[in-house]
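Examination of the molecular architecture
In case you want the letters, here they are:
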Amino acid sequence: MSGPDLEERSLHRAERVEQAWILFIVVLQIFFFSLIVYALTHHGGNLARTAERAPPDTILSNPPFDQPGVWKTADGGYRAVMVAQAFSFLPNEVVVPAGEAVEFQLTSRDVIHGFQIEGSNINVELIPGQVSTLTHTFRRPGEYRLVCNQYCGISHQNMRGKVRVVPSVDAAAVQAPPSAASKSASTSSAGGSVVDGAAVYARTCAGCHQGGGQGIPGAFPPLAEHVPALLDADGGRLYLIDVVLFGLAGPIKIGGQTYQGMMPAQGQLSDAELAAVLNHISTAWENAGMLPEGFSSYTAADVADRREQRLNPTEVHSRRPQSAEQR
Ligand code: CUA
């Protein structure tokens, strides 16, 4: 056999091996792609749709996010409207019926958060300015943990919520949004129902300001000792209401330490809840003993009065009592 002949044959062989590999890779890709299609079509794969947009700064004043909670829609379906923020969900706990399709409408009002309901296939990345919508039917009643699975800041690990799936669609299961529910509770609080400020604090504030009110240096200011100092300063009493109602943006200094935090507005809480939490931070820890003379508890009416001001977080910052900076 002559040399060139041999060369040609081995070339031919190499070509066939190459073709076989190309074919193998194409088949592999088709196989993997069909796995994805199969998972989506047969196992209720959930891809969030992100058609709508919502500007993060006005998100809580426009529908549907002005009323977070679980709603019954006009066509008899269920809709869970929820907002992620550092470091909680609004609302932090929702109740939905089992065996019914629930449409989740989700967004973030600050940074990118995760939205994962453990034990379900709901796992969405929430991007500020974007509304993610997906539908899910919970088969089994029970409590499902809701976690943020995207690192979003210093208190990310405390960003958790709960989804309670109840067996039947009774009136108690699908509530009005919590803001509306608690607002009616605050009306009745005139008739004696008491809001637990410590519970509101644990749910809403402790993630950042910590259970002992000590805060986190550089990020979240302490409330222990600092709240009485603010209450003692000119305008401090109203300033505290403004901070919880409208949020706070800008650097603040306490005891030589600068805090570059961003306090989200908590105006979604009722007047009674905000008054209760203000009273809690005024008296918790050792604060009760440091209150200025003549301190009177906050009332829901105090908060209701300030609500009309409609400040933004930067305006609140400009109203911060200067005398409290040094304490
Ligand atoms: Cu939100 Cu991590």
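Before going further, it helps to spend a moment on the overall build of the chain. Secondary structure summary: the chain contains nine helices and 14 strands in total. With 327 residues in all, the chain has 43% of them scored as buried. Taken as a whole, the chain presents about 17500 Å² of accessible surface, with 55% of it coming from carbon and sulfur.

The residue after Ala86, namely Phe87, is reached through a cis peptide bond having omega 0 degrees. Along the polypeptide, Phe87 turns up in the loop between β2 (78-85) and β3 (88-90). Of note, the bond from Leu90 into Pro91 is cis; its omega dihedral lies within 30 degrees of zero at -10 degrees. Structurally, Pro91 is set in the loop between β3 and β4 (93-97). If you check the backbone angles, Arg310 has positive phi at about 45 degrees while not being a glycine. Looking at where Arg310 falls in the secondary structure, it is placed in the loop between α8 (300-307) and α9 (313-318).

A separate point is the nonpolar core. Among the nonpolar cores identified, the biggest contains 32 residues, and Phe104, Phe115, Ile117 and Phe138 are the most heavily contacted of them. For this core, the secondary structure elements donating two or more residues are β2, β4, β5 (101-108), β6 (113-117), β7 (122-126), β9 (142-147) and β10 (160-166). Looking at which element gives the most residues to this core, the answer is β2, with four residues. Not counting chain neighbours up to four residues away, the residues in contact with Ile117 comprise Phe104, Ile122, Phe138, Tyr144, Arg145, Leu146 and Val163. Of all hydrophobic cores here, the second largest spans 30 residues; its members include Tyr239, Val244, Leu274 and Val277.

A word on the packing of helix α3 (residues 197-204) against helix α7 (residues 271-283). α7 packs onto α3 with a crossing angle of 90 degrees between their chain directions and a minimal axis gap of 7 Å. As far as their axial angle goes, α7 and α3 are roughly perpendicular. Along its contact with α3, which presents Gly197, Ala198, Val200, Tyr201 and Arg203, the element α7 presents Glu273, Ala276, Val277, His280 and Ile281. A breakdown of the residues in the contact of α3 with α7 according to their chemical character gives six nonpolar, two polar and two charged.

This brings us to a nonpolar patch on the surface. Together, Val17, Trp21, Phe24, Ile25, Leu28, Phe31, Phe32 and Leu35 line one region of the surface with nonpolar side chains, adding up to about 790 Å² of accessible area. Within the secondary structure, Leu28 sits in helix α1 (residues 3-42).

Pairing of strand β1 (residues 69-72) with β2 involves four bridges; the strand directions are antiparallel. Counterpart to Trp71 in the pairing with β2 is Arg79. Hairpin geometry of β1 and β2 is characterised by an intervening segment of five residues between the two adjacent antiparallel strands and by a positive phi of about 85 degrees at Gly76.

One pass over the full model with this rule turns up nine aromatic pairs. Judged by centre distance (5.8 Å) and plane angle (85 degrees), the rings of Phe87 and Phe220 are edge-to-face. Taken together, the residues span a long stretch of sequence, with Phe87 in the loop between β2 and β3 and Phe220 in the loop between α4 (206-209) and α5 (226-232) at a distance of 133 residues. In this pair, the class of Phe87 matches that of Phe220, namely buried. Arranged with centres 6.4 Å apart and planes meeting at 70 degrees, the rings of Phe104 and Phe138 form a pair that is edge-to-face. On the criterion of sequence distance, the pair formed by Phe104 in strand β5 and Phe138 in the loop between β8 (132-137) and β9 is long-range, its members being 34 residues apart. By the burial criterion, Phe104 is buried, and Phe138 matches it.

Calculation notes
Residues numbered from 1 in each chain as written. Predicted model: local features only at pLDDT ≥ 70, side-chain atom pairs only at ≥ 80, totals over all residues. Heavy atoms only, no water. Helix = DSSP H or I, 4+ residues; strand = E, 2+ residues; numbered from the N terminus. Buried < 20%, exposed > 50% of the residue type's maximum accessible area, 1.4 Å probe, protein only. Areas by Shrake-Rupley, 256 points an atom, 1.4 Å probe, with all protein chains shown as cover. Core = buried A, V, L, I, M, F, W, Y, C linked by side-chain atoms within 4.5 Å. Contact = heavy atoms within 4.5 Å. Axes fitted to C-alpha atoms, helices over the stretch in contact; angles between N-to-C directions. Parallel < 35°, antiparallel > 145°, perpendicular 65-115°, else oblique. Nonpolar A, V, L, I, M, F, W, Y, C, P; charged D, E, K, R; others polar. Patch = residues over 30% accessible without salt bridge, like charges linked within 9 Å, V, L, I, M, F, W, Y side chains within 5 Å. Salt bridge = Lys/Arg side-chain N within 4 Å of Asp/Glu carboxyl O. Pairing = 2+ DSSP bridges. Phe/Tyr/Trp six-rings, centres within 6.5 Å; stacked < 30°, edge-to-face > 60°.

Distances and angles like these do not, on their own, reveal function.
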